[in-house]
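Analysis of the macromolecular model
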Amino acid sequence: DAKTTQPPSMDCAEGRAANLPCNHSTISGNEYVYWYRQIHSQGPQYIIHGLKNNETNEMASLIITEDRKSSTLILPHATLRDTAVYYCIVRTKGHTPLVFGKGTRLSVIA
Amino acid sequence: GAVVSQHPSRVICKSGTSVKIECRSLDFQATTMFWYRQFPKQSLMLMATSNEGSKATYEQGVEKDKFLINHASLTLSTLTVTSAHPEDSSFYICSARDEKGETQYFGPGTRLLVL
């Protein structure tokens, strides 16, 4: 599976949109982009995934560039409870297990 | 989303004893489950892949005789840490892949402390 690069940490003001970038320049055509987050001392929580179209659900939006080499996870109105480590993972659907990198530690500040 | 449970959430044991951790997919059948381990301030590390009715596949460096995995049904996988030592103290997290094979869902984790 393709490797991803994320900034180690980010801050966001409460109530503002949090935009978390991910670079996956070696992604191949059948690989999906998945986003998970891990709140302290809990198991990872699935957020969203996509192939090439932008996706939105009740938690977040996923914007994938046209060349698919990068993506952005958007939390539209960040709250203090969104403070977590966010992981961007690229994998082929149904095949390999998720392999976690270091992620981005998002701190939402009041 | 799908729900995965783990039991116990926290366990303290003496060195040399064995500890069993259960992982259940509550509202879906999971032919494939995964076990991860996470040390403080580190990311999750995949330990093994467990397929229902067959032997688990272990990642390099993970001792299969020490970390026994059983996946006897489509909703239950167990991890037994045999002869636990203090260096086995960690956060163990299971994960189950949904029936479409699209998404992995994670349990809440089990914190193991070996004294």
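The coordinates are above.
Here is a short report on the structure shown in this document. (Residues numbered from 1 in each chain as written. Chains lettered and ligands numbered in written order. Predicted model: local features only at pLDDT ≥ 70, side-chain atom pairs only at ≥ 80, totals over all residues. Heavy atoms only, no water.)

1. Some words on the interface of chain B and chain A
Spelled out, the test is: We call two residues in contact when some of their heavy atoms are within 4.5 Å. Two parts placed together each lose some accessible area under a 1.4 Å probe, and adding up what both lose gives the buried area. We define a salt bridge as a side-chain nitrogen of Lys or Arg found within 4 Å of a carboxyl oxygen belonging to Asp or Glu. Think of a polar contact as two N or O atoms within 3.5 Å of one another; within protein, one of them needs to be a possible hydrogen donor and the other a possible acceptor, and neighboring residues in sequence only count if both atoms come from side chains. The helix and strand labels rest on DSSP assignments: H or I over at least four residues marks a helix, E over at least two residues marks a strand, and numbering proceeds from the N terminus. Residues are sorted three ways: Asp, Glu, Lys and Arg are charged, Ala, Val, Leu, Ile, Met, Phe, Trp, Tyr, Cys and Pro are nonpolar, and all the rest, Gly among them, are polar.
On the chain A side, the residues contacting the 19 residues of chain B number 19 residues. Summed over both partners, the interface of chain B with chain A buries about 1400 Å², with 52% contributed by carbon and sulfur atoms. Joining chain B to chain A, the criterion identifies zero salt bridges. At the surface where chain B touches chain A, the tally comes to eight residue pairs in polar contact (both at pLDDT 80 or more). Breaking the side of chain B that touches chain A down by element, the ones donating at least two residues are β4 (32-38), β5 (45-51), β9 (90-97) and β10 (104-106) of chain B. When its residues are assigned to classes, the side of chain B that touches chain A shows nine nonpolar, seven polar and three charged.

2. With respect to unusual backbone geometry
What counts here: Note on exposure labels: buried denotes an accessible area under 20% of the residue type's maximum, exposed denotes more than 50%, and partly exposed covers the range between, all computed with a 1.4 Å probe on protein chains only.
Backbone torsion omega between H7(B) and P8(B) reads 0°, so that peptide bond is classified as cis. Tracing the backbone through its elements, the reader meets P8(B) in the loop between β1 (4-7) and β2 (10-13). Phi angles above zero are rare outside glycine, and R68(A) is one such case at about 65°. Of note, R68(A) is situated in the loop between β6 (61-64) and β7 (70-75). According to the relative accessible area criterion, R68(A) is buried, its value standing at 9%. Phi at K41(B) takes a positive value of approximately 65°, unusual for a residue other than glycine. With respect to the helices, strands and loops of the structure, K41(B) is situated in the loop between β4 and β5. With a relative accessible area of 89%, K41(B) lands in the exposed category.

3. A short note on the sheet that holds β6(A)
Rules: Criterion used throughout: strands pair if DSSP finds at least two bridges between them.
The antiparallel open sheet is built from four strands, whose spatial order is β2-β7-β6-β5 (chain A). Each end of this open sheet is capped by a strand with a single partner; those strands are β2 (18-23) and β5 (55-56) of chain A.

4. Topic: the state of the cysteines
All names here are of chain A. Stated precisely, the cut-off is as follows: The term disulfide is used for any two cysteine sulfur atoms that are within 2.5 Å.
In the structure shown here, the tally under the stated rule is two disulfides over all chains. Sulfur-sulfur distance for the disulfide between C22 and C88 comes to 2.1 Å. Between C22 and C88, the S-S dihedral sits near -80°, and the bridge is therefore left-handed. With C22 in strand β2 and C88 in strand β8 (residues 84-92), this residue pair connects regions lying 66 residues apart in the sequence. On the basis of relative accessible area, C22 is assigned to the buried category, the value being 3%.

5. Focus on the pairing of β6(A)
All names here are of chain A. Relative to β6, β5 runs antiparallel, the two being bridged by two bridges. The partner of E55 across the bridge, within β6, is L62. Between β5 and β6, which pair antiparallel and follow one another directly, the connecting turn spans four residues. With four bridges connecting them, β6 and β7 associate as antiparallel partners. Paired with I64 across the two strands is S71, which belongs to β7. Between β6 and the antiparallel strand that follows it, β7, lie five residues; R68 among them carries a positive phi value of about 65°.

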